[in-house]
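Structural characterization, general
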Amino acid sequence: MQVIPVTDVSRGFGSTSRRDAWWVAPLVVFLGLGTFVGYSTWAAFQNAHYTFGPYLSPFYAPVLFASPGDTAGLEHAWFGVKPAWIPAFLPFSPALLILPFPGLFRFTCYYYRGAYYKAFWADPPSCGVGEPRKRYWGEQSFPLILQNVHRYFLYIACIFLFLLSYDVWLATRWPDGAGGATFGIGVGTILLAVNVVLLSSYTLGCHAMRHIAGGFHDDVSRHGACDMAYACSTALNYKHQLFAWLSLFTVGFADLYVRLCSMGIWTDFRIF
């Protein structure tokens, strides 16, 4: 029997024998993530129009400090006016103190890694398609080894779920004109609530969350309560990609909704 040696086949960037439209998925991811990153960065630097009535944009929640003269922001600020230790020459916005944490949670997410590695780094553009690199370093070397901090940003993301849930409750407290508040629900209230549900579905179905829910056990089936928690997280994980995109859309649209209502471009309708 003749043995045929296996040779290394080198592909040029983008070369492939595939006949399907393999480029559609990375292009959609590139446009979707690029649009969100561009809008969220712009919105974070605005430091304006992030509140309307009882609504608070999730990009700015929680408001730790507000700028002097920002009356609406000061109503939500935990610690009042921006402190003097923040240098005046640096651009200030409450969102700049908050967004890095949920942003890095998504950036290090296992699903998003595979998505933006293909869409932005062409590593590779798709399965069976040539990439611009000839060596694979993996995530065991700097800087990609830093992706392993994902589980720690998961802990912080879970805290944000409680904070955003509380903001939904505050979004039902409408000023009554006499210094008090009455219960009411508007379109913005529902939008903020849907955003929390989708963010929770995305976060609690995270791969790292499954490990935590399973109690860090190698054989989770031997531990009843952990096995049930693991099954619940796994059920959400089946749709992890879907929840990743839906929650990305709702958190961005929630900011846009509050912003346009604050600017008087959109009208928020009170349901009751």
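Residues numbered from 1 in each chain as written. Predicted model: local features only at pLDDT ≥ 70, side-chain atom pairs only at ≥ 80, totals over all residues. Heavy atoms only, no water.

**What to know about the overall build of the protein chain**
Assigned secondary structure in the protein chain consists of nine helices and four strands. Going from the N terminus to the C terminus, the protein chain shows its helices and strands as α-β-β-α-α-α-α-β-β-α-α-α-α. If one aligns the C-alpha atoms of the protein chain with their principal axes, the spans along those axes are about 95 × 50 × 40 Å. The distance from the centre of the 17 positive side-chain charges to the centre of the 14 negative ones in the protein chain is 8 Å. (Helix = DSSP H or I, 4+ residues; strand = E, 2+ residues; numbered from the N terminus. Lys, Arg positive; Asp, Glu negative; His and termini not counted. Charge placed at Lys NZ, Arg CZ, Asp CG, Glu CD.)

**Points about the packing of helix H1 (residues 24–46) against helix H9 (residues 240–262)**
Where H1 meets H9, the axes come as close as 11 Å, and the angle between the chain directions of the two elements is 35 degrees. Between H1 and H9 lies a crossing of left-handed hand. Contact with H1, carried on its side by Val 29, Gly 32, Leu 33, Phe 36, Tyr 39, Trp 42, Ala 43 and Gln 46, involves Trp 245, Leu 248, Val 251, Gly 252, Asp 255, Leu 256 and Arg 259 of H9 and no other residues of that element. In terms of residue class, the contact of H1 with H9 is built from ten nonpolar, three polar and two charged. (Axes fitted to C-alpha atoms, helices over the stretch in contact; angles between N-to-C directions. Left-handed = near helix turned anticlockwise from the far one by under 90°. Contact = heavy atoms within 4.5 Å. Nonpolar A, V, L, I, M, F, W, Y, C, P; charged D, E, K, R; others polar.)

**What to know about the confidence of the model for the protein chain**
Per-residue confidence for the protein chain gives a mean pLDDT of 90, with 94% of residues at or over 70. Scored below 50 in pLDDT, residues 3–9 makes zero contacts in the model with residues more than four places away or belonging to other chains. (pLDDT = per-residue confidence, 0-100.)

**Let's talk about empty space enclosed by the protein**
Within this structure, the stated rule accounts for one cavity of 30 Å³ or more. Size it by volume and the largest cavity reaches roughly 50 Å³. Together, Leu 56, Pro 58, Leu 164, Asp 167, Val 168, Leu 192, Asn 195 and Val 196 line the largest cavity. (1 Å grid on protein atoms, 1.4 Å probe; cavity = no way out; pocket = protein on both sides within 12 Å on 5 of 7 lines; lining within 4 Å. Points joined across faces, edges and corners; volume = space filled by probe spheres on them.)

**Section: the packing of aromatic side chains**
Scanning the entire structure with this criterion turns up 25 aromatic pairs. For the ring pair Tyr 39 and Phe 59, a centre distance of 6.3 Å and an interplane angle of 50 degrees mean the geometry is tilted. A residue pair is termed long-range when its members are at least 10 positions apart, and Tyr 39 in helix H1 and Phe 59 in the loop between strand E2 (55–56) and helix H2 (71–76) qualify at 20 residues. Residues Tyr 39 and Phe 59 agree in their burial class; the two are buried. Measuring from ring centre to ring centre gives 6.4 Å for Trp 169 and Phe 183, while their planes differ by 35 degrees; the resulting arrangement is tilted. Linking Trp 169 in helix H5 (residues 150–170) with Phe 183 in strand E4 (residues 181–183), this pair joins segments that are 14 residues apart in sequence. We classify Trp 169 as partly exposed; its relative accessible area is 44%. (Phe/Tyr/Trp six-rings, centres within 6.5 Å; stacked < 30°, edge-to-face > 60°. Buried < 20%, exposed > 50% of the residue type's maximum accessible area, 1.4 Å probe, protein only.)

**Section: the environment of Tyr 257**
Mapping Tyr 257 onto the fold places it in helix H9. Along the chain, Tyr 257 and Pro 125 lie 132 residues apart, while their C-alpha atoms are 34 Å from each other. With near-sequence residues (within four places) excluded, Tyr 257 lies in contact with Tyr 55, Val 187, Gly 188, Leu 191, Trp 266, Thr 267, Asp 268 and Phe 269.

**Thoughts on the layout of surface pockets**
A volume near 780 Å³ is recorded for the largest pocket. Taken together, 31 residues line the largest pocket, and the ones lying closest to its centre are Phe 36, Leu 99, Pro 102, Gly 103 and Arg 106. Residue assignment for the lining of the largest pocket shows that the elements contributing at least two residues are H1, helix H3 (100–107), helix H4 (110–121), H5, helix H6 (187–204) and H9. If you tally residues by element for the lining of the largest pocket, the top one is H3, at seven residues.

**Concerning the state of the cysteines**
Applying the stated criterion across every chain, the model contains zero disulfides. Looking at the unpaired Cys 109, the closest cysteine sulfur is the one in Cys 206, lying at 6.0 Å. Of the cysteine sulfurs around Cys 232, a residue in no disulfide, the closest is that of Cys 226, at 12 Å. Taking relative accessible area as the criterion, Cys 232 reaches 54% and is therefore assigned exposed. (Disulfide = S-S within 2.5 Å.)

**Section: helix H8 (residues 224–237)**
What sets the pattern is the α-helix's 3.6 residues per turn: residues three or four places apart point alike. With 14 residues, H8 should cover 20 Å at 1.5 Å per step; its first-to-last C-alpha distance of 20 Å lies within 8% of that length. Taken together, the buried residues of H8 touch H6, helix H7 (207–213) and H9. (Expected span 1.5 Å × (residues − 1).)

**Structural notes on the side chain of Thr 203**
One can find Thr 203 in helix H6. Judged by relative accessible area, which is 4%, Thr 203 ranks as buried.

**Things to note about the side chain of Arg 113**
Along the polypeptide, Arg 113 turns up in helix H4. The contacts of Arg 113, once residues within four sequence positions are left out, are Phe 107, Thr 108, Glu 139, Gln 147, Asn 148 and His 150.

**With respect to the pattern of salt bridges**
Taken as a whole and judged by the stated rule, the model has three salt bridges. A salt bridge links Asp 255 to Arg 259; the nearest nitrogen and oxygen atoms lie 3.3 Å apart. Of the two residues, Asp 255 and Arg 259 both sit in helix H9, four residues apart, roughly one turn of that helix. Note on Asp 255: relative accessible area 0%, which makes it buried. Look at Arg 259 and you get buried, because its relative accessible area is 3%. (Salt bridge = Lys/Arg side-chain N within 4 Å of Asp/Glu carboxyl O.)

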